[in-house]
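# A closer look at the structure
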Amino acid sequence: MNIKSLLVVSFLLVHSLAWAQTVVLPYQPGVTTEGVTYYLPKTRLNILVQASCTTQYPGELHSYASRFLRLTDVTNKKQIKWNIDKITVIPQGIPDTTKVFSIPLKKATIAPLVSLSSDGLILSINTAAEEEHMPDMSPQESHKSNQLNSKDYLSQEILYAGSVAKMAELTANEIYELRESRTALSKGESDNLPKDGEQLKLMIQQLSLQEEALLQLFKGYQEDMNKTFHLSFLPEKNIKKDILFRFSDQSGVVSVNDLSGEPIYIDITDCKTLPSEVFDGKKKKTEEQAVRYNITSEVSVKIYSRNKVYCELTTPLPQFGRTEVLSNELFNKRQSTQVLFNQQTGTLKKITDESIDK
């Protein structure tokens, strides 16, 4: 079992101490006695921006594309275009340093097994629990280019042309000849027509490859890149049209202060789903020493630009909720209570009560 931190507190107790209550105290550095210290989480939003970039490079002979090949839509300089393809939000529980508690290692405890995550979040009591690991969110990047080595297909006559204009003219003539040869093969009119259909197909493909390589000298070539940007956002209150990041069609994701990019906004709206708190005005000491857990409120998250919504979701966030206590009755006398906590929110996932025979 993959448990980053599994703390086992076991004691040989006399019968009179076997059913004592579990005591959980707010952690005080230098004051709290030695014990199992745990955090309740707050939820961070991991924002993955999947973007693509297309870069168009001009060909060496682009100035002659219209003159010799009648190509009009040809770039004469490097062109870059970034685009947002998708935005994904992945909630993650992280330790809330304002909610740290300790279960003292005392003979009076009947919570002998406490499972913690690698960063100290409570996972379970009296039962084992596996830590949930987040998916890999490291920056990802992939490249693809359609560039061909055009000079591999240039004849000696073209390479030794006396001027760029002459080189362009000869290259264009070569392209026309390749097209004529391919057409003749396709129609079965070539003097060198192969008998084998597969060989014919390969010959036509080779002629098309040579044509494309020479055409790139006029129209250029293209490189495509896909990249994932990872940002983090910790919601603490309702916000409206807060700038999450900026996106530039020349540079991709840029900082909030980089005005070269268009602002991408985030809205955080509490849906007010938190149950009403029942409080009689009295706070018992036993409750102050009980096991804590979170109660969350549903929160709406929206990420958008001026003219497009990229992501909308509703997720429970403990920052908009409150902390409650588990009744000490669950951990005394004839009860052996197993508790599982939600690692991302600190809420109760499952409680199992089992009676214990004396």
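Residues numbered from 1 in each chain as written. Predicted model: local features only at pLDDT ≥ 70, side-chain atom pairs only at ≥ 80, totals over all residues. Heavy atoms only, no water.

A separate point is the overall build of the chain. Each helix and strand counted, the chain has five helices and 15 strands in total. Intrachain contacts of the chain at a sequence separation of at least 6 include 75% that bridge at least 24 residues. Element-wise, carbon and sulfur atoms account for 47% of the exposed surface of the chain, whose accessible area totals about 20,400 Å². (Helix = DSSP H or I, 4+ residues; strand = E, 2+ residues; numbered from the N terminus. Contact = heavy atoms within 4.5 Å. Areas by Shrake-Rupley, 256 points an atom, 1.4 Å probe, with all protein chains shown as cover.)

Moving on: unusual backbone geometry. Phi at R70 takes a positive value of approximately 60 degrees, unusual for a residue other than glycine. Relative to the helices and strands, R70 resides in the loop between α1 (65–69) and β4 (79–104).

Turning our eyes to something else, we now look at the pattern of salt bridges. Per the stated rule, a full pass over the model turns up nine salt bridges. Residue D249 pairs with K81 through a salt bridge whose shortest N-O separation is 4.0 Å. With D249 in the loop between β9 (239–248) and β10 (252–254) and K81 in strand β4, the pair connects residues that are 168 residues apart, well separated along the chain. A relative accessible area of 35% places D249 in the partly exposed class. (Salt bridge = Lys/Arg side-chain N within 4 Å of Asp/Glu carboxyl O. Buried < 20%, exposed > 50% of the residue type's maximum accessible area, 1.4 Å probe, protein only.)

This part is about the environment of Y310. Of note, Y310 is situated in strand β13 (residues 309–325). Separated by 223 residues in sequence, Y310 and I87 have C-alpha atoms that sit 5.9 Å apart. When sequence neighbours within four positions are dropped, the list of residues in contact with Y310 reads I84, I87, I264, I303, Y304 and S305.

For the rest of this paragraph, the subject is the packing of aromatic side chains. Within the structure shown, the criterion is met by five aromatic pairs. Residues Y38 and F101 carry aromatic rings whose centres are separated by 5.8 Å and whose planes lie at 40 degrees to one another, so their mutual orientation is tilted. With Y38 in strand β3 (residues 35–57) and F101 in strand β4, this residue pair connects regions lying 63 residues apart in the sequence. Each of the two residues, Y38 as well as F101, counts as buried. Both rings, one in Y57 and one in Y221, keep their centres 4.8 Å apart while their planes meet at 15 degrees; by these two values the pair is stacked. (Phe/Tyr/Trp six-rings, centres within 6.5 Å; stacked < 30°, edge-to-face > 60°.)

The geometry of helix α3 (residues 164–187) relative to helix α4 (residues 197–219) is characterised by a closest axis approach of 9 Å and an angle of 160 degrees between their N-to-C directions. By the criterion of interaxial angle, the relationship of α3 to α4 is roughly antiparallel. Every pair of crossing elements has a handedness; the one defined by α3 and α4 is left-handed. For the pair formed by α3 and α4, the contact residues are A168, T171, A172, E174, I175, L178, R179, S181, R182, L185 and S186 on the first element and L200, M203, I204, L207, S208, Q210, E211, L214, L215, L217 and F218 on the second. Residue composition of the contact of α3 with α4, by class: 13 nonpolar, five polar and four charged. (Axes fitted to C-alpha atoms, helices over the stretch in contact; angles between N-to-C directions. Parallel < 35°, antiparallel > 145°, perpendicular 65-115°, else oblique. Left-handed = near helix turned anticlockwise from the far one by under 90°. Nonpolar A, V, L, I, M, F, W, Y, C, P; charged D, E, K, R; others polar.)

Take α3 next. Between its first and last C-alpha, α3 extends 35 Å over 24 residues, near the 34 Å set by a 1.5 Å rise per residue. Listed in full, the buried residues belonging to α3 are M167, A168, L170, T171, A172, I175, L178, A184 and L185. Elements that come into contact with the buried residues of α3 comprise α1, α2 (156–159) and α4. Once α3 ends, the next one or two residues include G188, with phi positive near 75 degrees. (Expected span 1.5 Å × (residues − 1).)

Within the element layout of this structure, S117 appears in the loop between β5 (113–116) and β6 (122–125). Among the polar contacts listed, one links the side chain of S117 to the side chain of D119, at a separation of 2.4 Å. (Polar contact = N/O pair within 3.5 Å; in protein donor to acceptor, adjacent residues only side chain to side chain.)

When pLDDT is averaged along the chain, the result is 84, and 81% of the positions lie at 70 or above. Per-element mean pLDDT across the chain ranges from 38 in strand β1 (residues 5–8) up to 97 in strand β11 (residues 262–270). Low pLDDT, under 50, characterises residues 1–21; the stretch is placed with 56 contacts to residues that sit more than four places away or in other chains. (pLDDT = per-residue confidence, 0-100.)

Next up on the list: the sheet that holds β13. The strand order β10-β9-β11-β12-β13 describes an open sheet built from five strands, whose pairing is antiparallel. Each edge of the open sheet carries a strand with a single partner, namely β10 and β13. Strand-to-strand twist across the sheet, computed as the mean angle between neighbouring axes with direction ignored, equals 35 degrees. Looking at chain direction, β11 and strand β12 (residues 292–304) are connected through six bridges and run antiparallel. (Pairing = 2+ DSSP bridges.)

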